[in-house]
2 protein chains.
Amino acid sequence: MNGTLKLIDNRKSVRAYADKEIPRDFKDRIIEAAMRAPTAGNMMLYSMIEIDDQEMKDKLAVSCDNQPFIAKAPLLLLFVADYQRWDDYFTISGVPELMESRGEPMRHPEEGDMMLACNDALISAQTSVIAAESLGIGSCYIGDIMENYEFHRELFDLPDYAFPVTLLCFGYPNDNYQEKKPASRFPKKYIHYKNKYKRLSPEEFNEMYQPMQERYFSGGKYFEGASNIGQHFYLRKHASSFMKEMNRSVRAAMKAWRKNES
Amino acid sequence: MNGTLKLIDNRKSVRAYADKEIPRDFKDRIIEAAMRAPTAGNMMLYSMIEIDDQEMKDKLAVSCDNQPFIAKAPLLLLFVADYQRWDDYFTISGVPELMESRGEPMRHPEEGDMMLACNDALISAQTSVIAAESLGIGSCYIGDIMENYEFHRELFDLPDYAFPVTLLCFGYPNDNYQEKKPASRFPKKYIHYKNKYKRLSPEEFNEMYQPMQERYFSGGKYFEGASNIGQHFYLRKHASSFMKEMNRSVRAAMKAWRKNES
């Protein structure tokens, strides 16, 4: 196993940081690595916003499902699916006039463009994670940034065609990191298929969840009201208030992108 | 610069392959590395479908905007944003009965869940790209897999809550790879901001596109009917038939996810 595969294999999310700043030079290497990530048609349909304003960090720690460690992360990078830059440039480049002369309206971004821009942003985000890892710097994804769309939009001055798709916290791990075991994953055969998608049978599900059952739930400690893993994840995650909010929030963001829907 | 940063920095997309198979062991290392990628709440909201059926590869080369190299790629991995596995498991775990006893309907995935699952799928996809790179294996993203939703859905037997968000082609690069220069990127200051999003002025746009102008358009060769870079990208990409199709297709996919919208 080469060094890159090893660090991918050993990565764990870091939510508790050593009391150590990340040198500016290392921050820049992470950002520059992220900018080398492949992007659709080399259009770079994303932006990165580095948040170093403590007041904003404190606000994010609340708005992203109340996770205080966010405010303590030495580096916060917001990845924005960004079609606004191109939409503005099209306008500046005389596209509206060109299209008018052709008797067609100028096309503005819609849901598919948003999804493509999310591709770019996330591919870049994971590149930054692996780059950081190679520098001994840990990270944690905050998907909760997709909640509270209106609040985050105002906080970052985001225009219509800029969707904050993920937030990354970076920092040197504290002393407990080495002892932490990497999270277990489902057995490969239930994630990786050949040629066709596969619906699983109850027996297959039982086998699939067996390692998770043993590692995390051997004491039978499920979320209140649940009596098995499926019910636990349903109540704890899927039907939680934060997932309901994420769905409302993403729908609100999409509305801004589909305002010109044909 | 460490080895991992170097390979991120030097990566170029590979669309022309050496006549050399990828050993099964290396394919598995790529897949297993992808499975180590961080995932939201460790729910692994994605699946990978390896396509080794030549007839299917031939079909994809057509359905993904007519790119014949897709059919020749030694390894094709489709990344599916997948909430179906959990939705099925919730049902098998008695969630419908549990919720009925509480007088509430069971919640099924919606747009926000789809977006979170896309996060997982894309984070995993980029991990596979970097893992492959470390093994000397090149890759190319095919965003066009988001087009022709109905066709791809049938081709892969995809259920409602499984969205094919990206397709990756892998293979050893052919001899021309070394001579190829990595694609240029926009200057960092126009991608990376501090604390607030930034709308750009015409002067800033001019500076931003200068390197692209010099490298790709110094001969003034724009797409038919365009007279500058903005119009070129608008006509060639943004208003192309494949981007219109991608938007239609993504909307169709989202409909399957929001059928239970509250």
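For clarity, every value in this text was computed on a predicted model and none was experimentally measured. (Residues numbered from 1 in each chain as written. Chains lettered and ligands numbered in written order. Predicted model: local features only at pLDDT ≥ 70, side-chain atom pairs only at ≥ 80, totals over all residues. Heavy atoms only, no water.)

This structure, assessed with the given rule, holds 28 aromatic pairs over all chains. With a centroid separation of 6.2 Å and 50 degrees between ring planes, the pair formed by Trp86 of chain A and Phe186 of chain B is classed as tilted. One end of the pair, Trp86 of chain A, is in helix H5 (residues 84-92); the other, Phe186 of chain B, is in the loop between strand S4 (162-171) and strand S5 (192-194), on a second chain. Here Trp86 of chain A matches Phe186 of chain B in class, with each residue buried. Looking at Lys12 of chain A, its charged tip hangs above the ring of Tyr177 of chain A, at a distance of 4.1 Å from the centre. We note Lys20 of chain B situated over the ring of Tyr172 of chain B; from NZ or CZ to the ring centre the distance is 4.0 Å. (Phe/Tyr/Trp six-rings, centres within 6.5 Å; stacked < 30°, edge-to-face > 60°. Helix = DSSP H or I, 4+ residues; strand = E, 2+ residues; numbered from the N terminus. Buried < 20%, exposed > 50% of the residue type's maximum accessible area, 1.4 Å probe, protein only. Lys NZ or Arg CZ within 6 Å of the ring centre and 35° of its normal.)

A few words now on the pattern of salt bridges. Scanning all chains against the criterion turns up 38 salt bridges over all chains. For Glu111 of chain A, the salt bridge goes to Arg251 of chain B, with nearest N and O atoms at 2.9 Å. In this pair, Glu111 of chain A is assigned in helix H7 (residues 111-134) and Arg251 of chain B in helix H11 (residues 241-257), connecting two distinct chains. One salt bridge connects Arg85 of chain B with Asp82 of chain B, and the closest N-O pair in it is separated by 3.8 Å. Given a relative accessible area of 2%, Arg85 of chain B falls into the buried group. Three or more residues are tied together by salt bridges with common partners; here these are Arg107, Glu110, Glu111, Asp113 and Arg258 of chain A together with Arg251 of chain B. (Salt bridge = Lys/Arg side-chain N within 4 Å of Asp/Glu carboxyl O.)

In this section: the UniProt feature "domain: Nitroreductase" (unreviewed entry) in chain A. Under the feature "domain: Nitroreductase" (unreviewed entry), the UniProt entry names residues 8-172 of chain A. Secondary structure content for residues 8-172 of chain A is 46% helix and 17% strand, and the end C-alpha separation is 16 Å. (UniProt positions renumbered as here; feature names shortened; annotations may be inferred.)

Applying a rotation about an axis and a shift along it to one chain copy brings it onto the other copy. The transform that puts chain B on chain A rotates by 180 degrees and translates by 0.0 Å along the axis, for an RMSD of 0.0 Å. Within this description, the copies of the chain are treated as partners about a two-fold rotation axis. Mapped onto chain A, 100% of the interface residues of chain B again fall at the interface, so both copies present the same surface. (Least-squares fit on C-alpha atoms with pLDDT ≥ 70 in both. Contact = heavy atoms within 4.5 Å.)

A few words now on the state of the cysteines. Summed over the entire model, instances satisfying the criterion amount to zero disulfides over all chains. For Cys169 of chain B, which is in no disulfide, the shortest distance to another cysteine sulfur is to Cys140 of chain B and amounts to 5.9 Å. (Disulfide = S-S within 2.5 Å.)

On the chain A side, the residues contacting the 124 residues of chain B number 125 residues. Interface area, chain B with chain A, both sides summed: about 11,300 Å², of which 61% is carbon and sulfur. Sorting the residues of chain B by area buried against chain A places Arg36, Arg185 and Tyr197 of chain B first, and these three jointly supply 8% of that buried surface. On inspection of chain B and its partner chain A, the count reaches 12 salt bridges. The closest approach of N and O atoms between Arg251 of chain A and Glu110 of chain B, which form a salt bridge, is 3.0 Å. Remark: the boundary between chain B and chain A carries 63 residue pairs in polar contact (both at pLDDT 80 or more). At 15 residues, the largest contribution of residues to the side of chain B that touches chain A is made by helix H7 (residues 111-134) of chain B. (Buried area = accessible area lost by both parts, 1.4 Å probe. Polar contact = N/O pair within 3.5 Å; in protein donor to acceptor, adjacent residues only side chain to side chain.)

Moving on: unusual backbone geometry. Non-glycine residue Asn148 of chain A carries a positive phi angle of around 50 degrees. Within the fold, Asn148 of chain A resides in the loop between strand S3 (138-142) and helix H8 (149-155). With a relative accessible area of 25%, Asn148 of chain A lands in the partly exposed category. Not every positive phi belongs to a glycine, and Met44 of chain B is a case in point at roughly 50 degrees. Relative to the assigned elements, Met44 of chain B resides in the loop between helix H2 (24-35) and strand S1 (46-50). Note on Met44 of chain B: relative accessible area 0%, which makes it buried.

In terms of burial, H5 of chain A is largely enclosed, as seven of its nine residues are buried. Along H5 of chain A, the residues that are buried comprise Gln84, Arg85, Trp86, Asp87, Asp88, Tyr89 and Phe90 of chain A. In the core, the buried residues of H5 of chain A are packed alongside strand S1 (46-50), strand S2 (75-82) and helix H6 (95-101) of chain A together with S5, helix H9 (202-216) and helix H10 (229-238) of chain B. Directly beyond the C-terminal end of H5 of chain A, a positive phi value near 80 degrees is found at Gly94 of chain A.

In regular strands, side chains alternate between the two faces of the sheet. Among the five residues in S1 of chain B, five count as buried, and that is most of the element. Residues Tyr46, Met48 and Glu50 of chain B of S1 of chain B are buried on one face, and the alternating residues Ser47 and Ile49 of chain B, pointing to the opposite face, are buried as well. As judged from the three bridges shared by strand S5 (residues 192-194) of chain A and S1 of chain B, these two strands associate in the parallel manner. Residue pairing in the sheet places His192 of chain A in a bridge with Met48 of chain B of S1 of chain B. Examined bridge by bridge, S1 of chain B and strand S2 (residues 75-82) of chain B share five bridges and lie antiparallel to one another. Looking at the pairing, Ile49 of chain B lines up with Leu78 of chain B of S2 of chain B. (Pairing = 2+ DSSP bridges.)

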